[in-house]
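Residue-level structural notes
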Amino acid sequence: MDGMTAHEDGLPALARLLAGGGVAVLSGAGLSTESGIPDYRGPDGIRRHRAPMTYQEFLAGEPARRRYWARSHAGRAVIAGARPNAGHFAVARLRAAGRLSAVITQNVDGLHRAAGTADAVELHGGLDRVICLGCGAVSPRAELDERLAALNPAFRDAGSRINPDGDVELPDDLVASFTVADCARCGGILKPDVVFFGESVPKDRVEHCYRLVDEARALLVLGSSLAVMSGLRFVRHTAKSGKPVAIVTRGTTRADDLATLRLDRPLGETLTSLATDLGA
């Protein structure tokens, strides 16, 4: 177990784990809070915001899609303007130095890529892309933003707060007046290229992540409560194989009982310290 004892606390133990290299990372929303993007749950595990729209709701009819796109369009400036924080840059440094074998993220904000981790696997997709449910065409979100702005010239951003999935709360009258854009290629329904709640992660992406976890000698969870199975399964898989699982996040997680090492610390400060100490 790389010299660690069960539930040993402290940076030295985590530094020893990373020093050997071959560690895969699974990151969550807690890593992006220092970039101004809120997480879904607080340290107590209780959801901070309303439940996100489900895939079934999105498909149910035009009113639901209008509500989604109006709120998403209003919140787009915050997500598009977010910049990687110290934690993202530290992960990139550790990856470049060979301490990390892979980075898997549950986040859809693209900040790992922006920080320099070009090969980060976006488990739940990315908000910077849009996919047509009819023809399957994938296009940049920036193109859709321009079309939505042209279709809704009088639309004003009256959002109250940004949500982790990139939208904001809006008054009903603003939502009702919003015009949704269809696929410019086939006229089909456009959806952000992200995995909604109630939707399955593509099978080939899941299998790829399992391979990355199997090839690693340990798994490091960063900023995730592991409340949903899409991330938790990789932790359970790693623990079942007898490999170390380290968790760094604020508050409790669903996998605390599986962790060999558990740190409740700020992500940016902790990861920067690790990267510096390891010469990354």
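Residues numbered from 1 in each chain as written. Predicted model: local features only at pLDDT ≥ 70, side-chain atom pairs only at ≥ 80, totals over all residues. Heavy atoms only, no water.

A few words on the UniProt feature "binding site: Zn(2+)" (unreviewed entry) in the chain. Following the UniProt record, one finds the feature "binding site: Zn(2+)" (unreviewed entry) at Cys132, Cys135, Cys183 and Cys186. These annotated residues cover 55 residues of sequence, and their C-alpha atoms all fall within 8.6 Å of one another, placing them together at a single site. Along the chain, Cys132 turns up in strand 4 (residues 125-132). Ignoring sequence-local partners within four residues, the contact set of Cys132 consists of Ala137, Cys183, Cys186, Gly188, Ile189 and Leu190. Among the structural elements, Cys135 can be located in the loop between strand 4 and strand 5 (138-140). (UniProt positions renumbered as here; feature names shortened; annotations may be inferred. Helix = DSSP H or I, 4+ residues; strand = E, 2+ residues; numbered from the N terminus. Contact = heavy atoms within 4.5 Å.)

A separate point is the confidence of the model for the chain. Note: predicted coordinates in regions of low pLDDT should not be interpreted at a detailed level. The share of residues in the chain with pLDDT of 70 or more is 88%, and the mean pLDDT across the chain is 89. Contacts of residues 1-8 to residues separated by more than four positions or lying in other chains number 24 contacts, the stretch itself having pLDDT below 50. Ignoring residues within four places in sequence, the model shows residues 44-48, a span with pLDDT below 50, making 12 contacts including any to other chains. (pLDDT = per-residue confidence, 0-100.)

A covalent bond between the sulfur atoms of two cysteines is referred to as a disulfide. A full pass over the atoms with the stated rule returns zero disulfides. Of all cysteine sulfurs, the one in Cys132 lies closest to Cys186, which takes part in no disulfide; the gap is 3.5 Å. What makes Cys186 partly exposed here is its relative accessible area of 44%. (Disulfide = S-S within 2.5 Å. Buried < 20%, exposed > 50% of the residue type's maximum accessible area, 1.4 Å probe, protein only.)

This brings us to the side chain of His73. Here His73 is to be found in helix 3 (residues 62-81). A residue is classified by how much of its surface remains accessible, and His73, at 17% relative accessible area, is buried. Those residues in contact with His73, other than ones at most four positions away along the chain, are Arg141, Asp145, Leu148, Ala149, Phe155 and Phe178.

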